[in-house]
Amino acid sequence: MTPSTRDTHRDHAPTGPGPCIEGFAQHRVPVADDVHLSAAVGGDPAGPAVVLLHGFPQTRLMWRHVAADLAADHAVIVPDLRGYGASDKPAEAADGQTYAKRTMAADVVALARALGHERFALAGHDRGALVAIRAGLDHPEAVTHLASLDVLPTLDMWDVMRGTGAAVGFHLYLMAQPPGLPERMIAADPDGFFGHFLDLWAKDPDALPADVRAAYLTACREAVPSIVADFRASSFADVEHDAADRAAGRRLRMPVTVLQQDWGAALGFDAAGLWRAWAPDLVHRTVPCGHFMAEESPAAVTEAIRALLLR
């Protein structure tokens with residue numbers, strides 16, 4: 001189903017105890033049959049809309065600095081993705097589509113529409129960037145601008161992961177396995193598993209203060225099956241969807257900005273060239289901060305998003 005604004009359930013009280021996005025209200029919005037997304041919404045309701053999608057192993061909280069800045073002159077929507085944080089976590093269906101990025105992108109479009117925005121800019125980090133890319137390909141009439149932080153499109157990601165360099169992505173292979181084994185292995189020590197990435201991928205550990213780190217670990221601990229299902233979809237359904245788009249010559253029609261660590265130099269590929277095949281109107285920049293760039297270098301990320309919105 002596609003909910004209308006009348007179907008939207010909103011709680012305008014501030015988000016609950018613990019770290020939150022200051023000045024934002026929490027909304028719980030139906031986006032599909034039996035699936036609601038929890039979103040922090042703030043800013044200027046009359047301003048252009050920007051939707052911010054979080055990465056792994058995080059929640060919408062990762063956008064707390066950027067969202068607060070953009071809220072000065074934009075309507076800002078910051079959801080937890082399906083399967084993460086306070087959003088619903090439907091069981092993975094046998095057809096593998098429950099956590100396909102196509103399904104998750106449709107959630108985001110339905111969320112924005114339910115909140116009164118037929119068109120919006122979209123910025124995503126990590127897993128959220130994969131959802132954003134799919135939204136841009138499937139819903140070009142809705143997505144005006146697209147920013148991607150520190151990923152390659154799924155098809156290219158798998159193509160460049162080879163040899164011993166692929167060890168950095170061991171979790172991708174683990175969570176690609178059939179249902180059962182990866183869930184049990186991760187659930188045996190979820191804080192150790194998810195905490196590994198929080199520690200390894202941050203060049204500036206102070207960017208993830210103790211209360212934020214604890215919030216991320218709690219959210220991931222409570223979402224192991226759905227997080228695995230999200231990654232598993234990127235090994236099958238998402239690859240099929242990307243391959244079909246490449247074969248059909250589909251591209252991202254809107255202006256695109258990509259911020260990435262210099263993974264191309266580390267793993268031996270031309271990141272900008274791979275991206276240009278998907279996005280003709282591209283600005284591609286490598287950044288010196290760690291993977292969690294919206295928390296490690298929020299001013300630079302905000303500046304890049306604002307520059308994108310002027311194109």
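Residues numbered from 1 in each chain as written. Predicted model: local features only at pLDDT ≥ 70, side-chain atom pairs only at ≥ 80, totals over all residues. Heavy atoms only, no water.

## Regarding unusual backbone geometry
Among all residues except glycine, the phi angle is most often negative; among peptide bonds, the trans geometry is most common. A cis amide bond links phenylalanine 56 to the next residue, proline 57, at an omega of -5°. Mapped onto the secondary structure, proline 57 falls in the loop between β4 (49-53) and α1 (64-70). Positive phi, normally seen in glycine, also occurs at aspartate 34, with a value near 60°. Secondary-structure assignment places aspartate 34 in the loop between β2 (25-32) and β3 (35-43). By relative accessible area, aspartate 34 is classed as exposed at 74%. (Helix = DSSP H or I, 4+ residues; strand = E, 2+ residues; numbered from the N terminus. Buried < 20%, exposed > 50% of the residue type's maximum accessible area, 1.4 Å probe, protein only.)

## Observations concerning helix α8 (residues 210-221)
Taking 1.5 Å of rise per residue, the 12 residues of α8 would be expected to cover 16 Å, and the 16 Å separating its terminal C-alpha atoms lies within 8% of that figure. Along α8, the residues classified as buried are Val212, Tyr216, Leu217, Ala219 and Cys220. Taken down its axis, α8 places every buried residue within 165° of arc, on the same side. Among the structural elements, α1, α7 (190-200), α9 (224-233) and α13 (293-296) are those in contact with the buried residues of α8. (Expected span 1.5 Å × (residues − 1). Arc of directions from axis to C-beta. Contact = heavy atoms within 4.5 Å.)

## As for the pattern of salt bridges
Using the criterion set out here, one finds 21 salt bridges in the structure. As a salt-bridge pair, arginine 221 and aspartate 191 come within 2.9 Å of each other at their nearest N and O atoms. You can see arginine 221 sitting in helix α8 and its partner aspartate 191 sitting in helix α7, a full 30 residues away along the chain. The residue aspartate 281 makes a salt bridge to arginine 311 at a minimum N-O spacing of 3.0 Å. Placement of the pair is aspartate 281 in the loop between α12 (271-276) and β9 (282-286) and arginine 311 in the segment after α14 (298-309), with a sequence separation of 30 residues. Exposure remark for aspartate 281: the relative accessible area of 37% places this residue in the partly exposed category. Members of the salt-bridge network, linked through shared partners, are Arg102, Arg134, Asp138, Asp242, Asp245 and Arg250. (Salt bridge = Lys/Arg side-chain N within 4 Å of Asp/Glu carboxyl O.)

## Notes on the packing of α7 against α8
Where α7 contacts α8, the axes come no closer than 9 Å and their chain directions differ by 135°. By the angle class used here, α7 and α8 are oblique. Considering the relative orientation of α7 and α8, their crossing is right-handed. Between α7 and α8, the contacting residues are Pro190, Asp191, Phe194, Gly195, Leu198 and Asp199 on the first element and Arg213, Tyr216, Leu217, Cys220 and Arg221 on the second. Looking at the contact of α7 with α8 residue by residue, the class counts come to six nonpolar, one polar and four charged. (Axes fitted to C-alpha atoms, helices over the stretch in contact; angles between N-to-C directions. Parallel < 35°, antiparallel > 145°, perpendicular 65-115°, else oblique. Left-handed = near helix turned anticlockwise from the far one by under 90°. Nonpolar A, V, L, I, M, F, W, Y, C, P; charged D, E, K, R; others polar.)

## With respect to the packing of helix α6 (residues 181-188) against α9
Look at α6 against α9: their axes get within 10 Å of each other, and the N-to-C directions meet at 135°. With respect to their mutual orientation, α6 and α9 come out oblique. Between α6 and α9 lies a crossing whose hand is right-handed. Note on element contacts: α9 touches α6 through Val224, Pro225, Val228 and Arg232, opposite Pro182, Glu183, Ile186 and Ala187. Tallied by class, residues from the contact of α6 with α9 come to six nonpolar, no polar and two charged.

## Structural notes on empty space enclosed by the protein
Within the structure shown, the criterion is met by two cavities of 30 Å³ or more. Size it by volume and the largest cavity reaches roughly 410 Å³. Taken together, 21 residues make up the lining of the largest cavity; nearest its centre are Asp126, Asp150, Met157, Leu172 and Trp263. By residue class, the composition of the lining of the largest cavity is 14 nonpolar, four polar and three charged. Taken as a whole, the second largest cavity holds about 80 Å³ of empty space. Surrounding the second largest cavity, Lys101, Arg102, Leu130, Ile133, Arg134, Pro153, Thr154, Asp238, His241 and Asp242 form its lining. Of all the secondary-structure elements, those providing two or more residues to the lining of the second largest cavity are α2 (101-114), α3 (127-138) and α10 (237-248). Tallied by class, the residues present in the lining of the second largest cavity amount to three nonpolar, two polar and five charged. (1 Å grid on protein atoms, 1.4 Å probe; cavity = no way out; pocket = protein on both sides within 12 Å on 5 of 7 lines; lining within 4 Å. Points joined across faces, edges and corners; volume = space filled by probe spheres on them.)

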